[in-house]
Amino acid sequence: MNTLLRADADAIVKASIHAVLPDEAVSRALKDFRRGSGKVVLVATGKAAWQMANAAVHVLGSVDGGVVVTKYEHVMGEIPGVTCCEAGHPVPDENSFKGTQKAIDLVSSLSADDTVLFLLSGGGSALFEKPLVSGDELQDITKQLLASGADITEMNTIRKRLSAVKGGRFAQICAPAKVYSIVLSDILGDPLDMIASGPAYPDSSTCDKALEIARKYNLRLSGKALELLGQETPKALDNVTTVITGSVRELAAAAAKEAKALGYEPVILTDQLSCEARDAGIFLAGILRTHAREGRKLAFIAGGETVVHLTGKGLGGRNQELALAAAPLVKDLPNAAVFSFGSDGTDGPTDADGGYVDADTYKELLAAEIHVADVLKENDAYHALEKTGGLIITGPTGTNVNDAAVALLG
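What this report covers is the structure whose coordinates are included nearby. What you see is a predicted model; the values in this text were computed from it and never measured. Residue positions are counted from 1 within each chain, in the order its sequence is given. Residue-level local features of this predicted model are given only where pLDDT is at least 70; pairs of side-chain atoms are given and counted only at 80 or more, and the full residue set underlies all totals for whole chains, interfaces and linings. In computing side-chain properties, one takes all heavy atoms of the structure into account and sets aside hydrogens as well as water.

Before going further, it helps to spend a moment on the overall build of the protein. Numbering goes from the N terminus for both helices and strands, where a helix is a DSSP run of H or I of at least four residues and a strand is a run of E of at least two. Across its full length, the protein holds 16 helices and 12 strands. Since a compact globule built from 410 residues should have a radius of gyration of about 22 Å, the 21 Å found for the protein is in line with a globular shape. Along the three orthogonal principal directions, the C-alpha set of the protein runs to about 65 × 50 × 30 Å. Whether two residues are in contact is decided by their heavy atoms, any of which lying within 4.5 Å being enough. Of the contacts made within the protein by residues no fewer than 6 positions apart, 81% connect residues no fewer than 24 positions apart. Split by element, the accessible area of the protein, about 15900 Å² in all, is 52% carbon and sulfur. Averaging the coordinates of the 39 positive side-chain charges in the protein and doing the same for the 52 negative ones gives two points 2 Å apart. For the radius of gyration, the atoms used are the C-alpha atoms, and the globule rule reads 2.2 Å times the number of residues raised to 0.38. Every accessible area reported is derived by Shrake-Rupley at a probe size of 1.4 Å, with residue values counting cover from the shown protein chains alone. Counted as positive: Lys and Arg. Counted as negative: Asp and Glu. His and the chain ends are not counted at all. Every charge is mapped to an atom, namely NZ of Lys, CZ of Arg, CG of Asp or CD of Glu.

Following this line, the structure appears as structure tokens:
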């Protein structure tokens, strides 16, 4: 492993994530918040829910009750007046349903003088859920969507119609209370009705689109689920104020800033990366090959979120797969590296945040008789990168604004 490039990669990861932590973002969003004459209760859901809730209570001083529903191992301590629940992600589980019911119970008997401070971040589609089909079927449909290669917007178009709280329905449950919603965006372009499936925002998708997606990916659906896809969601809400804060643009800009501080010339290629993970890795490696003989320190940055089409039963995530796919193309570039990481600190169903490869990665794998093509076919990037020291492990970060992939030339 090129230890100098790896040290630079780790520094860029650390600085980028620090720049998009929700504390400052939530504090900034609460500057225009004014308490009414009634109660203020807090509901937070998503991978960044605990961090957002903790920051909000610190700013406000206190709340009149609250519920946090976040991913396992993402609760970092007690928050005064707030019940913290951990649940399943990316597939909802029984604790998702129980935590969501606690939130529903909290807001169901509020008056028009009361306010729900609703803090939303990526991951809420799985974590914040009261299904209108059986829990088993919802889990099965979620797994089908994850394995199909469907993008996040397509997935949420389906999921919000199978839920009692998605697609604006949670805001309806809160009524007549007002909802002040602060959103940490994890979807490209910041579509508010799609982030965590839009529990407090009018839904722009249609039944026709939902049925089209179901046909496109040959989803196995019960009669009840098909019926729900044909039922329209709320198209207008009069009790909600929404403030969006944080996005992948800030993540990419922070990566560029740290790269520049390390002596690289940063180039932000896009903050809208959306394709197969392995294709993105091959593309970034190709850019490195184009510029390899120029003798300049360059950092090419792409923010966004890729997808993985599952063909095997291995362990990994989109960022690990992106990095590993670049390995064969940088094997003869001694001063080149490709790495990719998630701002939330986790990549797929693993304890890794992403993956790193350089010229030594391919050689080390070959020496161990591990072939990249076979690993990608089995979707087993985690174990391959583990052998080369290529896993990026940060632990849960408390934020979630998509991913960043970086190609470095030393």
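Next comes the rest of the write-up.
Quick look at the packing of helix 12 (residues 277–291) against helix 13 (residues 318–330) now. Viewed as axis vectors pointing N to C, helix 12 and helix 13 meet at an angle of 40°, and their least axial separation amounts to 7 Å. Here helix 12 is positioned oblique relative to helix 13, judged by the angle of their axes. Judged by the sense of rotation from one axis to the other, the crossing of helix 12 with helix 13 is right-handed. Within the contact between the two elements, helix 12 uses A277, R278, A280, G281, I282, L284, A285, L288 and R289 and helix 13 uses R318, E321, L322, A325, A326, L329 and V330. With axes taken as lines fitted to C-alpha atoms, and helix axes fitted only over the stretch in contact, angles between N-to-C directions fall between 0 and 180 degrees. Comment on the angle field: the value is read as roughly parallel under 35 degrees, roughly antiparallel over 145, roughly perpendicular from 65 to 115, and oblique elsewhere. It is the rotation of the near helix from the far one that decides the hand of a crossing: anticlockwise by less than a right angle makes it left-handed, clockwise makes it right-handed.

Strands are treated as partners if at least two bridges between them are detected by DSSP. In spatial order, the strands read 7-8-12-9-10-11; together these 6 strands make up an open sheet with mixed pairing. Because the sheet does not close on itself, it has two edges, and the strands there are strand 7 (265–273) and strand 11 (391–392). Pairing analysis gives 7 bridges linking strand 8 (residues 298–304) to strand 12 (residues 403–409), with the strands arranged antiparallel. For L298, the partnering residue across the bridge sits in strand 12 and is L409. Relative to the sheet, helix 11 (residues 248–261) contacts strand 7, strand 8, strand 9 (336–342) and strand 12, its axis offset from that of strand 7 by approximately 165°.

Tracing the backbone shows S340 in strand 9. The class for S340 is buried, based on a relative accessible area of 1%. A polar atom in the side chain of S340 sits 2.6 Å from the side chain of N319. Here the term buried applies to any residue with accessible area under 20% of the maximum for its type, exposed to any over 50%, and partly exposed to those in between, with areas from a 1.4 Å probe on protein chains only. Polar contact criterion, stated in full: a pair of N or O atoms within 3.5 Å, where within protein one must be able to donate a hydrogen and the other to accept it, and residues adjacent in sequence count only if both atoms are side-chain atoms.

Here we come to a nonpolar patch on the surface. Taken together, the side chains of V267, L269 and F283 present a nonpolar region at the surface, about 250 Å² in accessible area. By secondary structure assignment, the location of V267 is in strand 7. To count toward a patch, a residue needs a relative accessible area over 30% and no salt bridge; like charges are then connected within 9 Å, while nonpolar side chains (Val, Leu, Ile, Met, Phe, Trp, Tyr) are connected within 5 Å. Any Lys or Arg side-chain nitrogen found within 4 Å of a carboxyl oxygen on Asp or Glu counts as a salt bridge.

So, on to helix 2 (residues 22–29). Among the residues of helix 2, P22, A25, V26 and A29 are the ones counted as buried. Down the axis of helix 2, the smallest arc covering the buried residues is 95°, so these residues share one side. Elements in contact with the buried residues of helix 2: helix 3 (49–60), strand 5 (178–183) and strand 6 (240–244). Directions are taken from the helix axis to each C-beta atom, and the arc is the one they span.

Right, let's talk about the packing of aromatic side chains for a bit. Stacked, edge-to-face and tilted are the three classes for Phe, Tyr and Trp ring pairs, Trp counted by its six-membered ring, which pair at centre distances within 6.5 Å; planes under 30 degrees apart are stacked, over 60 edge-to-face, the rest tilted. One pass over the full model with this rule turns up 5 aromatic pairs. Where F118 meets F170, the ring centres are 5.0 Å apart and the plane angle is 40°; that geometry is what we call tilted. Taken together, the residues span a long stretch of sequence, with F118 in strand 4 (residues 115–120) and F170 in helix 8 (residues 169–174) at a distance of 52 residues. Residue classification places F118 among the buried positions, given a relative accessible area of 0%. Overall, the relative accessible area of 0% leaves F170 in the buried class. What links up through ring pairs into an aromatic cluster is the set F118, F128 and F170. In this analysis the charged atom, NZ for Lys or CZ for Arg, is taken to sit over a ring once it is within 6 Å of the ring centre and within 35 degrees of the ring normal. Here the basic side chain of R6 rests over the ring of Y356, its NZ or CZ set 5.1 Å away from the ring centre.

Taken as a whole and judged by the stated rule, the model has 18 salt bridges. Between R6 and D10 there is a salt bridge, and its shortest N-O distance comes to 3.0 Å. Separated by 4 residues within a single helix, R6 and D10 lie in helix 1 (residues 3–19), roughly one turn from each other. Classification of D10 by relative accessible area gives partly exposed; the value is 36%. With a shortest N-O distance of 2.5 Å, R318 and D403 are connected by a salt bridge. Residue R318 is found in helix 13, and its partner D403 is found in strand 12; the two are separated by 85 residues along the sequence. Taking relative accessible area as the criterion, R318 reaches 24% and is therefore assigned partly exposed. Salt bridges here are not isolated pairs; linked through shared partners, they connect K160, R161, D203, E232 and K235.

Within the secondary structure layout, N239 lies in the loop between helix 10 (223–229) and strand 6. Judged by relative accessible area, N239 falls into the buried class, the value being 10%. At a separation of 3.0 Å, a polar atom in the side chain of N239 contacts the main-chain carbonyl oxygen of A177.

A few words on the environment of M76. The topology assignment puts M76 in the loop between strand 2 (66–71) and strand 3 (82–87). Sequence spacing of M76 and W50 is 26 residues, and the spatial spacing of their C-alpha atoms is 7.3 Å. M76 has contacts with W50, Q51, P396, T397 and G398, leaving out every residue within four places of it along the chain.

Read from one edge of the open sheet, 6 strands run 3-2-1-4-5-6, paired in parallel fashion. In this open sheet, the two strands that pair with only one neighbour each are strand 3 and strand 6. Geometrically, the sheet is characterised by an average inter-axis angle of 15° between neighbouring strands, direction not taken into account. Judged from the 4 bridges that link them, strand 1 (residues 40–45) and strand 2 form a sheet pairing that is parallel. By the bridge assignment for strand 2, T45 is matched with V69.

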